[in-house]
Amino acid sequence: MEISADRVVLIHYTLKDDSGAVIDSSTRGEPLAYIQGHGNLVSGLEKALEGQQAGSKVEVSLAPADGYGVGDPALIQRIPKRALPNAGTIKKGMQFQANTDAGTRMFTVTAVVGDMVMLDGNHPLADKTLHFSVEIVQVRDASSEELEHGHVHGVGGHHH
Ligand code: ZN
């Protein structure tokens, strides 16, 4: 069965950056399960997998615009520590949810200098070229319940 809209797809994937370092991989756990055509994967990967058969292996490199986007300098902000909750315990790497003009975003603390904190609201993988190695484990039709919920049930998906 080939991958097309509204089908459930199980994949094992490894994601590497330009230097070949592994950013993320499913291969030590359950495969990732998603529904094709619902924007569950980054757009370029979903596009590259369309029409592929179960059992196939796909290598695809995605420019930032087809992956997690191009970084927006406006989302890099310097604010006083006291503007954040738990000001005393703020450390590099902590994350906060904040409302912006573009909706709710996750901000990561990239530096703490004196009383000031540098926050970055871009996706951690923004501006990165993504190199995916994907093995298509299974392709099947989604149940009407899965389509209604917008996620996969069973292996690699929701158990409820
Ligand atoms: Zn469900």
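The coordinates are above.
Everything numeric here is computed off the predicted structure, so don't read it as measured data.

**Q** Hey, could you go over the overall build of the protein chain for me, with residue numbers and the actual values?
**A** The helix and strand tally for the protein chain stands at two helices and nine strands. Taken along the three principal axes of its C-alpha coordinates, the protein chain extends 60 × 40 × 30 Å. Here the protein chain, with 160 residues, has 34% of them falling under the buried criterion. Contacts in the protein chain between residues far apart in sequence, at least 24 positions, make up 61% of those at least 6 positions apart. Summed over its atoms, the accessible surface of the protein chain is roughly 9400 Å², and 48% of this surface lies on carbon and sulfur atoms. Side chains of the protein chain carry 13 positive and 20 negative charges; the gap between the two charge centres is 12 Å.

**Q** Could you give an account of the sheet that holds strand S6 (residues 95-100), naming the residues involved and the relevant values?
**A** Strand pairs in the sheet, formed through backbone hydrogen bonds, run parallel or antiparallel to each other. Spatial ordering of the open sheet is given by S5-S8-S7-S6, a layout of four strands whose pairing is antiparallel. The outermost strands of the open sheet, each flanked by one partner alone, are strand S5 (76-80) and S6. Ignoring strand direction, the axes of neighbouring strands in this sheet form an average angle of 40 degrees. With six bridges connecting them, S6 and strand S7 (residues 103-113) associate as antiparallel partners. Looking across to S7, one finds that Gln95 is bridged to Thr108.

Cut-off values and rules
- Within any chain, residue numbers begin from 1 and follow the written order of that chain's sequence.
- Owing to the predicted nature of the model, reporting of local features is limited to residues with pLDDT of at least 70; listing and counting of side-chain atom pairs is limited to 80 or more, with chain, interface and lining totals taken over all residues.
- Heavy atoms throughout the structure, all of them, feed into the side-chain values; hydrogens and water do not.
- Strands here are runs of E lasting at least two residues and helices are runs of H or I lasting at least four, both read from the DSSP assignment and numbered beginning at the N terminus.
- Residue exposure (1.4 Å probe, protein chains only): buried if accessible area is under 20% of the type maximum, exposed if over 50%, otherwise partly exposed.
- Any two residues having at least one pair of non-hydrogen atoms within 4.5 Å are treated as being in contact.
- The accessible surface values rely on the Shrake-Rupley method and a 1.4 Å probe; as for residues, cover is taken only from the protein chains in view.
- All tallies of charge rest on Lys and Arg as positive and Asp and Glu as negative; His and the ends of each chain are not included.
- To locate a charge, take atom NZ for lysine, CZ for arginine, CG for aspartate or CD for glutamate.
- Here, strands pair whenever DSSP counts at least two bridges between them.
- All axes are obtained by fitting lines to C-alpha atoms, using only the stretch in contact for helices, and the reported angles, taken between N-to-C directions, cover 0 to 180 degrees.

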